[in-house]
Every structure is written in structure tokens, then in C-alpha cells.
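Take a look at the letters that make up each chain.
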Amino acid sequence: MRTDQILTRLERVFARLDREPERPAHLQTPQMSRHRVVLLGSTLVFYLAIVVAVLTTSWLVRLDWQIMFFRPYEQWPQLHAFLDYLVVLGQRGPTAVMVAAWLGWRSWRQHTLRPLITLGVALLLLNVTVGAVKLGLGRLGPHYATEIGSAELFAGGDIFPSGHTANAVVTWGILAYLASTAVTRRVLSVVSAVVSLSVGATTVYLGTHWVSDVLLGWSAGLLILLALPWFEPLIARAEAYVFELRELLRRRAETGRMPAPVAVALTPLLSAGGKWQLQRVPDAAAAPEPVAPEPVVPEPVVPATAGAVLTGHSPAPRPAALLPARPHVIRSERTPAAPVGSRRPPHTERAPAARGTAAAARPVAGG
């Protein structure tokens, strides 16, 4: 696809986004209220308690081993086929595509990029926080456990906390966070809670995660949803940056080149206080065109004798014109006024003839 075609399609999308966002007047952007701060602090305490319980090989680790030996997938084998499909609701790839498609339609309808950018920020926080803990603790899963009763930490694994569970909490919970009405927000909160709980329990049934993995995954996903209001200013700046980039692309489509933004140059201008200053240098394309100077009409020169006759005394000397200084060139470096040598062009086709004799005969045409 050509660049102009891509720019044309982007222009159609942004032409709709240029309209005023259509948000319900009674629904505001979620704020970090006192109730949300209390929930965030309680969830963080629960998160740290699970980590400490696993690090100290407490009763929670013994519960993990008991459920692993129980083997739920052997107790209820008829649920295995259905739960294999249900666990897909916690996989990052399929769920991100489905939710992004829905939020993309929301962005198109409401004329704002906030839903898509909020999803991107939430997934980025999920990858950074959950991925760091997974790699740092390195816990092995039930199928790869080597020592009975051990927490299986720092063994090169990557299952603590459960990525499926945390992803289900964040991906489906973001729909409730971005709901258009208060009633829709409550309904989607219940739906996302049921889906995330089901995905976490399914991983325990299939034997791919310990119970403590699922508990920590629920806590990790809930922490991200509760902390999202702190990132609302960042989301607003990201949306403004996207529209600014769109303006640059539009100018490129109109002028044929990308206009450089206003450059900031460090110029060694010493101020009165002896500090360096910053001077904003505008782009050459945006600089004003130079104004042509007005023609100067020379004044008539009056001879000195005429002035003496008219006034009866010698005229006062006139100040010299202020001309720009020119470099002095010595005589040896000046270009000669006349070319050196003969000015007559050479005639190689003519034979030299003595002065006073007849010139050599010219060749006959065609010879």
C-alpha cells in the first residue's frame, strides 16, 4: 500500500475523531477517591502476604501440594473439554484482540482515543509488573515440581503469579472501568469478576498452576485496575501527542515534506548574570520572508565651485556613505582586467602566409 493511500485512510479516521467527544455528562473519568485508595492498600497487603507465605513455605504451600495430589482433572474428567476452551479467556493474545476491537468501535463512536490508549497502558503495566515477579521468583509449576512440600522457587520457572488470571482480571475489568453508564459499569464489574475467577479456577483444575499462583494473579490484576486513575494524565498527554503527530502527517501530505518542529538550540549567549541561555530557533520553513529594502534615490551632486558661488564660501564637507567593509586585496591577487596574450582566436585550419603574399587557397566545399 502506498504512503498516500495510508495517509488518506488515516485522514478519514481522524476526521471523525476531530469531533467533540460524545461522553455522558453525568459520567466522569474515574478518580483516585478515598474508597479506591483503601481498596488499593488492602489489595497490596494481601499481595505481599501471599508472597511472604510462599517464601516461608507456610500452610499455603502445603495446600498447593494437597490440591495437586487431589488431581481435579481426574475427579471430574467430563469438564475437561469445556474448560480447555474456557481458559482461552485468560490468554493475552485472543483476549487483547477481542477487547481492542470493541474499544476501537467505542473510540470511533465517541470520537476519542482514550479507550484504546487506556487498554494499552493497562496491558503495559501488566506485562511489566507480572513479568518482573515471574522472572524474579522463578517458581516451577505442579507438572514440573521436583521436591514434595517445597515451594519450588528460584528454579527457572515463570508461573508465579498466574499470567492467565491477572490478564483476565485486567482485560475484562477494563471494560467496566471504561463503561458509559453507572449501571453498565456495575454489570460489567460482575461479569469480569466471574470470568477472572473462572479462568483462575480452571488453571488449578488443569494442573498448570498452584492455588497460590491464582491468588497472586487476582491480586496483581486488581492492583492495576485500582491504580489506573493515577495514569489518566499520562493517557490524556498520549492522546494529544497522537493528534499532534497526525497534524505533522497532514502537513507532509500537503507540502510533500515533513516539517521539522521548532528546534531548541544551545547558543553561547552570555547573559548579564553570567549564565547560559536557551534560544528557540524557528524552522527555516516557518521563518518570515525577508523584506526587500526600499530603493535609495541618490541626491544630486553640486560642484564645489557652484556652492562657493551661491553661498559665497566653500561648502561643508559631506560625511562619507556608510558602506559595508570589504576585504583588501593586494594587486598580485587581483584578477587581470585584460586577458593575457593575443585576443585573436586561433585559426588552425588556415595555413600561415607571409605578409604581402596571397593567402592560401581555401578548400572547395565538399572536399
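A quick note: this is a predicted structure, and the numbers were derived from the prediction, not measured. (Residues numbered from 1 in each chain as written. Predicted model: local features only at pLDDT ≥ 70, side-chain atom pairs only at ≥ 80, totals over all residues. Heavy atoms only, no water.)

This next bit is on the overall build of the chain. What the chain contains, in helices and strands, is 12 helices and 2 strands. Along the chain direction, N to C, the helices and strands of the chain fall in the order α-α-α-α-α-α-α-α-α-α-α-β-β-α. Within the span of the chain, comprising 367 residues, buried residues form 31% of the whole. The contacts in the chain between residues at least 6 apart in sequence include a share of 72% that link residues at least 24 apart. Carbon together with sulfur atoms contributes 64% to the accessible area of the chain, which is approximately 25,400 Å² in total. (Helix = DSSP H or I, 4+ residues; strand = E, 2+ residues; numbered from the N terminus. Buried < 20%, exposed > 50% of the residue type's maximum accessible area, 1.4 Å probe, protein only. Contact = heavy atoms within 4.5 Å. Areas by Shrake-Rupley, 256 points an atom, 1.4 Å probe, with all protein chains shown as cover.)

Residue placement: L206 occurs in helix 9 (residues 182-206). When the C-alpha atoms of L206 and D84 are compared, they prove to be 8.3 Å apart, with 122 residues separating the residues in sequence. Excluding its chain neighbours within four sequence positions, the residues that come into contact with L206 are Y73, H80, D84, V87 and H143.

Here the focus is unusual backbone geometry. With an omega dihedral of 5°, the bond running from F160 to P161 counts as a cis peptide bond. Following the sequence through the fold, P161 ends up in the loop between helix 7 (114-137) and helix 8 (163-177). For H111, which is not a glycine, the phi torsion comes out positive at approximately 60°. You can see H111 is positioned in the loop between helix 6 (92-110) and helix 7. With relative accessibility at 3%, the residue H111 sits in the buried group.

A few words on the layout of surface pockets. Considering only enclosed or pocket space, the largest pocket measures out at about 660 Å³ in volume. What lines the largest pocket is a set of 21 residues, among which R36, S189, L222, L225 and L226 lie closest to the centre. At the level of secondary structure, the elements contributing two or more residues to the lining of the largest pocket comprise helix 2 (34-55), helix 8, helix 9 and helix 10 (211-227). At 6 residues, the largest contribution of residues to the lining of the largest pocket is made by helix 9. Classifying every residue of the lining of the largest pocket by side-chain character gives 11 nonpolar, 8 polar and 2 charged. (1 Å grid on protein atoms, 1.4 Å probe; cavity = no way out; pocket = protein on both sides within 12 Å on 5 of 7 lines; lining within 4 Å. Points joined across faces, edges and corners; volume = space filled by probe spheres on them. Nonpolar A, V, L, I, M, F, W, Y, C, P; charged D, E, K, R; others polar.)

Here we come to the packing of helix 7 against helix 11 (residues 232-255). At their nearest, the axes of helix 7 and helix 11 sit 10 Å apart, and the two run at 125° to each other. Here helix 7 is positioned oblique relative to helix 11, judged by the angle of their axes. When you trace helix 7 past helix 11, the crossing you get is right-handed. Here R114, I117, T118 and V121 of helix 7 come into contact with helix 11, specifically with E232, I235, A238 and E239. Counted by class, the contact of helix 7 with helix 11 contains 4 nonpolar, 1 polar and 3 charged residues. (Axes fitted to C-alpha atoms, helices over the stretch in contact; angles between N-to-C directions. Parallel < 35°, antiparallel > 145°, perpendicular 65-115°, else oblique. Left-handed = near helix turned anticlockwise from the far one by under 90°.)

According to the stated counting rule, one finds 3 salt bridges in the structure shown. Linking E232 and R114 is a salt bridge whose minimum nitrogen-to-oxygen distance equals 3.2 Å. In this pair, E232 sits in helix 11 while R114 sits in helix 7, placing the two residues 118 residues apart along the sequence. With respect to class, E232 is no different from R114; both count as buried. Notably, a salt bridge pairs D213 with R139, separated by 3.1 Å at the nearest N-O pair. With D213 in helix 10 and R139 in the loop between helix 7 and helix 8, this residue pair connects regions lying 74 residues apart in the sequence. Of the two residues, D213 and R139, both sit in the buried class. (Salt bridge = Lys/Arg side-chain N within 4 Å of Asp/Glu carboxyl O.)

Glancing now at the packing of aromatic side chains. Working definition: an aromatic ring pair is given by the centre-to-centre distance plus the angle between the planes. With the rule as written, the count across this model stands at 4 aromatic pairs. Plain terms: the ring middles of W65 and F69 are 5.7 Å apart, the flat faces sit at 40° to each other, and that makes the pair tilted. You can see W65 and its partner F69 sitting in helix 3 (residues 59-70), 4 residues apart, about one turn around the helix. Relative accessible area serves as the criterion here: at 6%, W65 is assigned to the buried category. With relative accessibility at 41%, the residue F69 sits in the partly exposed group. These aromatic residues form a ring-pair network of at least three members: W65, F69 and W210. Residue placement shows R139 over the ring face of F160; its charged tip is 5.2 Å from the ring centre. (Phe/Tyr/Trp six-rings, centres within 6.5 Å; stacked < 30°, edge-to-face > 60°. Lys NZ or Arg CZ within 6 Å of the ring centre and 35° of its normal.)

Attention shifts here to helix 11. Along its 24 residues, helix 11 runs 35 Å from first to last C-alpha, staying within 8% of the 34 Å computed at 1.5 Å per residue. Within the span of helix 11, buried status applies to E232, I235, E239, F243 and R246. (Expected span 1.5 Å × (residues − 1).)

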